[in-house]
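Descriptive analysis of the structure
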Amino acid sequence: MFVHGVDSKTDIVNHLYQSDVLSTCTEEKEEICHSSLTQQDSNRLLYNKLIRKGGDAFTHLLEALRYGEYHDVASEMEKTELSDQEIQLCQIDILMDHDEVIPKHILEQFEKRLEQWKKDDQQFVSTEAEKHVMQKVLTQSSVTLVGNSGTGKSFLSKHIALIMKKHGYTVIPCSKLKDIGKWFKHGRKTLFVFDDVCGRYTLNQQIYTDWKQRLDHIISLLEDKCCKIISTCRLEVYKDEVFSNLSIFKMCNIDLSSQEFKLSAAEKFALAEVYFKENTDEVKKLSEKYDFFPLLCSLYHKQNLQKNVSISSFFSNPFEVFKDQVVQMYGESDAGKMQ
């Protein structure tokens, strides 16, 4: 009756939130009321959370149901008697079926992202930086990959995440800080993956403020030891003096633009072999000009530029190539202007 006959996303959740039964930091409320959940899934999630809370949670639920005008459901639930054995079986069933904090449809979305990462990872070339980062991720709670744009930070973080998945970790690609609080679970091996963690080109003040306000809470979650964060950050953001207040990203950082970890000649050659095969030597000669060599390889390959742009032109001056393409599109038609 509760799962199928109640809309808990309205008065029920609000009442439980105001009664402090649900977490006062609004994340539990947002999770239960998420627009992607069906009414039934929302009710199941709420009920499972309340069973785990124990104490007076059941009494508060009955109050909330009556407050929401679900008197029949409240009465039926109140007069349903369960033996101790039945209660234990019910709790075991919930722990077995709903032990995962992450709803099934959200897990499926994560898995789709990881499948794409696996496809992209076929182009990955092993480097010294990779070995160092892997060792740090296994031993540290928070690892930040720093570097100039295009040095392979995101590619490396995703590669490491896929390895950690093989180590039994639940990998969660994050778009917002609140994803940690939303999907964190004590004792479960979890790796949260953030790209451009505090802004893409410059430090994003709003994102920074969110991290600053919740920093102590996130640090306390990392004490769980099963929880880890790997993040990427461009050098210009990382060097912003305000960013230094976010101690969580200073715990362990690896700069892919540094002398120690930038790509060696042999690593660039191996990368050129993966992407270009027959033109490896030509690409290698051009590889010294920019430190965003990995990005150039990826762009040339992904955007199928080989049809109309020579390797020499692109790697000598990629800016001119893209500028010419924009000018051409703009001149072709209104659709080109929109594009």
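Please refer to the structure placed before this passage.
To keep things clear, this report deals only with the structure shown in the data block. Note that the coordinates shown come from a computational prediction; the quantities given were computed from them, not determined experimentally.

A short note on the overall build of the protein
Per the secondary structure count, the protein includes 19 helices and five strands. A compact globule built from 339 residues should have a C-alpha radius of gyration of about 20 Å, whereas the protein, at 25 Å, is more than 25% larger. Each principal axis of the C-alpha distribution contributes one length, and for the protein these read about 80 × 50 × 40 Å. Long-range pairs, those at least 24 residues apart, make up 68% of the contacts in the protein between residues at least 6 apart in sequence. Surface summary for the protein: the accessible area is close to 18700 Å², and the carbon and sulfur share equals 49%.

Some remarks on the pairing of strand E2 (residues 170-174)
Across the five residues of E2, five count as buried, placing the element largely inside the fold. Burial along E2 is two-sided: the face carrying Thr170, Ile172 and Cys174 and the face carrying Val171 and Pro173 are both buried. When E2 meets strand E3 (residues 190-194), the two strands line up parallel, connected through five bridges. Across the sheet, Pro173 pairs through a bridge with Val193, a residue of E3. With helix H11 (residues 178-183) bridging E2 and the parallel E3, this β-α-β connection has right-handed handedness.

Some words on the packing of aromatic side chains
Enumeration over the complete set of coordinates arrives at 18 aromatic pairs. Their ring planes at 70° and their centres at 5.3 Å tell us that Phe194 and Trp211 sit as a pair that is edge-to-face. Separated by 17 residues along the polypeptide, Phe194 in strand E3 and Trp211 in helix H12 (residues 205-222) bring together distant segments of the chain. Residue Trp211 is classed as buried on the basis of its relative accessible area of 1%. Grouping aromatic residues by their ring pairs yields a cluster made of Tyr275, Phe276, Phe293, Tyr300, Phe314, Phe315 and Phe322. One residue, Lys250, lies across the ring of Tyr238, its end atom 3.7 Å from the ring centre.

Regarding the pattern of salt bridges
When the charged atoms of two side chains with opposite charge come close together, those side chains can pair. This model, assessed by the stated rule, comprises nine salt bridges. Salt-bridge contacts for Lys131 lead to Glu128; the nearest nitrogen and oxygen are separated by 3.2 Å. Residue Lys131 and its partner Glu128 are located together in helix H9 (residues 128-139), separated by three residues, close to a single helical turn. Close ionic contact of Arg200 with Asp196 constitutes a salt bridge, the shortest N to O distance being 3.8 Å. A relative accessible area of 17% means that Asp196 is categorised as buried. In the salt-bridge network here, residues are joined through shared partners; they are Asp196, Arg200 and Arg234.

The rules we used
Residues numbered from 1 in each chain as written. Predicted model: local features only at pLDDT ≥ 70, side-chain atom pairs only at ≥ 80, totals over all residues. Heavy atoms only, no water. Helix = DSSP H or I, 4+ residues; strand = E, 2+ residues; numbered from the N terminus. Rg over C-alpha atoms; globule rule 2.2 N^0.38 Å. Contact = heavy atoms within 4.5 Å. Areas by Shrake-Rupley, 256 points an atom, 1.4 Å probe, with all protein chains shown as cover. Buried < 20%, exposed > 50% of the residue type's maximum accessible area, 1.4 Å probe, protein only. Pairing = 2+ DSSP bridges. Right-handed = clockwise from strand over helix to strand, strands pointing away. Phe/Tyr/Trp six-rings, centres within 6.5 Å; stacked < 30°, edge-to-face > 60°. Lys NZ or Arg CZ within 6 Å of the ring centre and 35° of its normal. Salt bridge = Lys/Arg side-chain N within 4 Å of Asp/Glu carboxyl O.

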